[in-house]
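# Breakdown of the fold
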Amino acid sequence: MKKAKYLFPQDYMADPSAHVFEGKIYIYPSHDWESGVTENDNGDHFNMKDYHVFSLDEIDGTIVGHGVVLSTETIPWAGRQLWDNDVAFKDGKYYLYFSLKDQNDIFRLGVAISDRPYGPFVAEENPIKGSYSIDPCVFEENGEYYIYFGGIWGGQLQRYRNNKALESATYPANDEPALCGKVAKLRGDMLEFAEEPRDVVILDENGKPITQGDTDRRFFEASWLHKYNGKYYFSYSTGDTHYICYAIGDNPYGPFTYKGVILTPVVGWTTHHSIIEYKGKWYLFHHDSVPSDGRTWLRSMKVVELEYNPDGTIKTIEGMDK
Ligand code: FUB
């Protein structure tokens with residue numbers, strides 16, 4: 001497969017997190033809909049209220065929709081805006097980690113549990129203690145689970161330093177190190193952080209942290225972690241410059257050294273992705289707003305093959321058809 005294909009033209013789905021569970025690909029997207037909320041820099045127009053799950057036996061096969069698996073109506077602490085999610089498997093249970101504003105309009109990370117990869121999922125009573133911001137992604141290695149998260153602007157990461165809320169949102173100066181995504185090990189029961197979240201530091205080619213003003217390369221949102229040939233690849237969106245970039249490290253905590261662009265800008269403001277290996281090939285799951293004629297809050301999920309160069313760098317994929 002060399003050309004990206006839309007996965008589910010029947011409805012708007014975004015931020016696809018893909019995993020291989022029980023020998024199939026399962027996809028956990030956000031579910032976009034036309035809620036009528038006016039577009040603004042806080043992302044209020046991304047006013048989602050439920051999640052669906054999809055599965056595929058073959059990458060070119062027929063996608064199966066498993067229906068609604070979690071909704072704000074059944075999340076006890078829900079305020080509004082069910083954003084990106086991800087799922088991890090441990091000891092016979094599937095844990096769905098999600099971004100949601102609480103009743104004070106503060107983004108937190110929640111957990112919901114199922115016995116099956118296709119749900120339905122039952123949410124815990126409260127968000128993860130000490131959690132904040134958006135876009136969880138979980139990476140497992142040797143029985144340890146690492147949760148990555150964070151997003152600036154509407155994702156509220158600029159309201160925190162050292163895991164504490166600030167009195168008001170503050171960004172570093174343009175020549176200072178950029179705000180970082182976060183990573184923490186999960187506790188054995190998968191329901192809480194096992195440690196204080198740490199910074200996911202992204203270094204430039206000279207070993208210096210990427211600066212806040214380096215908007216083509218600094219972290220904005222949409223963390224994803226995968227491993228290839230013994231190296232750890234942290235990929236993310238640059239938000240207002242619309243790239244999916246990646247940086248490579250030697251362990252799940254980093255630091256990671258910036259290596260380049262995976263996906264050039266797509267139609268629509270946001271770009272968000274996941275990367276998996278399936279049956280010996282690698283794939284980039286992502287979204288764009290072509291089917292909704294550029295309405296940035298109505299996105300459609302896609303998949304395309306991802307290829308590496310012999311030195312382990314990733315071949316850049318064009319986000320827009322030429
Ligand atoms: O889908 C809502 C938000 O848009 C996600 O959480 C961000 O990553 C961006 O894709």
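Before any of the text, the structure's been laid out above.
The numbers attached to residues start from 1 for each chain and follow its sequence in the written order. In view of the model being predicted, local features appear only for residues whose pLDDT reaches at least 70, and side-chain atom pairs are presented and counted only at 80 or more, with totals across whole chains, interfaces and linings using the full set of residues. Computation of side-chain values: all heavy atoms of the structure, hydrogens and water removed.

## Some points on the site of the ligand
Short version of the rule: When we say a residue is near a molecule or strand, we mean one of its heavy atoms is within 4 Å of it. Polar contact criterion, stated in full: a pair of N or O atoms within 3.5 Å, where within protein one must be able to donate a hydrogen and the other to accept it, and residues adjacent in sequence count only if both atoms are side-chain atoms. All accessibility values rest on the Shrake-Rupley procedure with a 1.4 Å probe; residue burial counts only the protein chains present in the view. Only Asp, Glu, Lys and Arg are considered charged, only Ala, Val, Leu, Ile, Met, Phe, Trp, Tyr, Cys and Pro nonpolar, and every remaining residue, Gly among them, polar.
For the ligand, the full set of nearby residues is Asp15, Ser30, Met48, Trp83, Asp84, Asp135, Glu221, Thr270, His272, His287 and Arg299. At 2.5 Å, a side-chain N or O of Asp15 approaches an oxygen atom of the ligand. In isolation the ligand exposes 270 Å². Once the protein is present, 99% of that is buried. Grouping the amino acids of the shell around the ligand by side-chain chemistry returns two nonpolar, four polar and five charged.

## Digging into the packing of aromatic side chains
The criterion, for reference: Aromatic rings from Phe, Tyr and Trp, taking only the six-membered ring of Trp, are treated as a pair when their centres fall within 6.5 Å; an angle between ring planes under 30 degrees marks them as stacked, one over 60 as edge-to-face, and anything in between as tilted. Here a strand is any run of E in DSSP of at least two residues, a helix any run of H or I of at least four, and the numbering for each starts at the N terminus. Relative accessibility decides the category of a residue: with a 1.4 Å probe and only protein chains considered, values under 20% of the type maximum give buried, values over 50% give exposed, and everything between is partly exposed.
Applying the stated criterion across every chain, the model contains 28 aromatic pairs. A ring pair is formed by Phe46 and Trp83, whose centres lie 6.1 Å apart and whose planes are at 90°; its orientation type is edge-to-face. Taken as a pair, Phe46 in the loop between strand S3 (24-31) and strand S4 (50-56) and Trp83 in the loop between strand S5 (64-71) and strand S6 (85-90) lie far apart in primary sequence, 37 residues in all. Across this residue pair, the class does not change: Phe46 and Trp83 are buried.

## Quick word on the pattern of salt bridges
Condition: Salt bridge, as applied in this entry: a Lys or Arg side-chain nitrogen positioned within 4 Å of an Asp or Glu carboxyl oxygen.
Counted according to the given criterion, the structure contains 21 salt bridges. With a shortest N-O distance of 3.4 Å, Arg80 and Asp44 are connected by a salt bridge. One end of the pair, Arg80, is in the loop between S5 and S6; the other, Asp44, is in the loop between S3 and S4, with 36 residues separating them in the sequence. Judged by relative accessible area, Asp44 falls into the buried class, the value being 15%. Linked through salt bridges whose partners overlap, the residues forming this network are Asp44, Arg80, Lys101 and Asp105.

## Some words on the layout of surface pockets
Convention followed: Think of a 1 Å grid over the protein atoms and nothing else: a 1.4 Å probe that fits but is trapped marks a cavity, an open set flanked by protein within 12 Å on at least five of seven lines marks a pocket, and residues with an atom within 4 Å of a point count as lining. Grid points are joined across faces, edges and corners, and a volume is the space filled by probe spheres set on the points.
The computed volume of the largest pocket comes to approximately 440 Å³. What lines the largest pocket is a set of 19 residues, among which His19, Val138, Phe139, Glu140 and Ile276 lie closest to the centre. When the residues that make up the lining of the largest pocket are grouped by side-chain class, the tally is 14 nonpolar, two polar and three charged.

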